[in-house]
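Chains, contacts and geometry: an overview
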Amino acid sequence: MRPGTAVLAALALALGVSCSPDGGSGPTVIRLGHIGFPDSPFDHGARHFKELIEARFPGQVEIRIFGTGQLGEDKEMLEGLRLGTLEMHIPSSVMHSVAPEFGIFDLPFLIEDRDHFERIAASEIGRGLEETLRRDHGLTLLAFWENGFRVITNNVRPVVTPADLEGIRLRTPKDPERVRLFETLGASPASMSFGEVFSALRQGVVDGQENPLAQLTAARLHEVQSYLSLSNHVYTPAYPVMQTAWLERLPEDLQTGLREAAIETGDWLRGFLAQEDMRLLADLEGQLAVNEVDLPAFAATAAPVFEHYEERFGAGWIEAARELAH
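This section reports on the structure supplied with the text. These numbers were taken from a predicted model, which means no experiment stands behind them. (Residues numbered from 1 in each chain as written. Predicted model: local features only at pLDDT ≥ 70, side-chain atom pairs only at ≥ 80, totals over all residues. Heavy atoms only, no water.)

1. Description of the sheet that holds strand 3 (residues 88-89)
With respect to topology, 5 strands assemble into an open sheet ordered 2-1-3-11-4, the strand pairing being mixed. Pairing within the sheet leaves two strands with one partner each, and these edge strands are strand 2 (61-66) and strand 4 (139-141). Here strand 1 (residues 28-33) runs beside strand 2; their pairing, made up of 6 bridges, is parallel. When the bridges of strand 2 are listed, Gly 33 appears paired with Phe 66. (Pairing = 2+ DSSP bridges. Helix = DSSP H or I, 4+ residues; strand = E, 2+ residues; numbered from the N terminus.)

2. Overview of the pairing of strand 5 (residues 145-154)
Most of strand 5 is tucked away, with 10 of its 10 residues classed as buried. With 4 bridges joining them, strand 5 and strand 10 (residues 235-238) adopt antiparallel strand pairing. Bridging from a neighbouring strand, Glu 146 pairs with Pro 237 of strand 10. Where strand 5 and strand 8 (residues 208-212) come together, 5 bridges link them in antiparallel fashion. Bridge pairing in strand 8 places Ile 152 opposite Glu 210. Judged from the 3 bridges that link them, strand 5 and strand 9 (residues 227-230) form a sheet pairing that is antiparallel. For Ile 152, the partnering residue across the bridge sits in strand 9 and is Ser 229. (Buried < 20%, exposed > 50% of the residue type's maximum accessible area, 1.4 Å probe, protein only.)

3. Considering the packing of aromatic side chains
This model, assessed by the stated rule, comprises 11 aromatic pairs. Between Phe 102 and Tyr 239 the ring centres are 4.9 Å apart and the planes differ by 85°, which places this aromatic pair in the edge-to-face class. Residue Phe 102 is found in the loop between strand 3 and helix 4 (114-121), and its partner Tyr 239 is found in the loop between strand 10 and strand 11 (241-243); the two are separated by 137 residues along the sequence. Residue Phe 102 is classed as buried on the basis of its relative accessible area, which comes to 2%. Each residue in the set Phe 102, Phe 105, Phe 117, Phe 144, Phe 149, Tyr 235 and Tyr 239 is aromatic and connected to the rest through ring pairs, giving one cluster. (Phe/Tyr/Trp six-rings, centres within 6.5 Å; stacked < 30°, edge-to-face > 60°.)

4. Points about the pattern of salt bridges
A side chain of one charge can pair with a side chain of the opposite charge when the charged atoms of the two come close. Enumeration over the complete set of coordinates arrives at 24 salt bridges. As a salt-bridge pair, Asp 136 and Arg 135 come within 2.9 Å of each other at their nearest N and O atoms. The partly exposed category is assigned to Asp 136, whose relative accessible area is 44%. (Salt bridge = Lys/Arg side-chain N within 4 Å of Asp/Glu carboxyl O.)

Written as structure tokens, this is what we have:
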């Protein structure tokens, strides 16, 4: 048993609850794990989802939220879904490690705005990703939520063109696609867990990082950074997932309710975070040196990243996503 697996198994025993739909009397307990800090996109989404479900099924369902990586890293929680020691998880960039096709959302400057993403999610691309998870990995993607448009912060200099990234040690998720992107852009990427980033920035282990505004402020990363560059280089969804076999043992009305609440949460979250981005940016302008970037220069330099995805999966989904832009 892997170390992360052991942690989750021990936690399940310690909780002393039956979360199985066949586990006897009392409400169905759904443990929902994520790595986000309070007020992060994951936290807002999880709490909104909990409110919807518990209002729709009073006394019948209890959502127990475990944020801030309490149950381990993303990969440990994904393993927990497979083992049945966790009922629900909200991964983001790490999903490509389960199904590499999700790497389409790591492609830079592919998604123009949230409306564009919603059209992609409702298209053959979204349906194909859902089917891949269910068929090949035994996971059900309930809906598409949001992590957000990613920006760059650092302590060295304003980043206006890709050349400004040269020599900057930039933290990325443990995501080969994101590492490849920033190597292509000229930075020196360093992968590490999200929970380690604040200390790494404060101690100078890395110079900068890239995350959506709501994630970096929730984790207080702006407190140990000097420059904020509004690159919006990648839009990262979040993926509320459950083990398909466990989900399908639930009563049909609850299965339907979970899916509908997840879809409603995704719609709400995108609207909420669009407003949050404006509020947070206004706050950060008084704390960091904020600059726009040369988007055409970034897009041109990052173009080779698309070749790797096309080599593995063809250009069909990329072309379809571009056709759905404005």
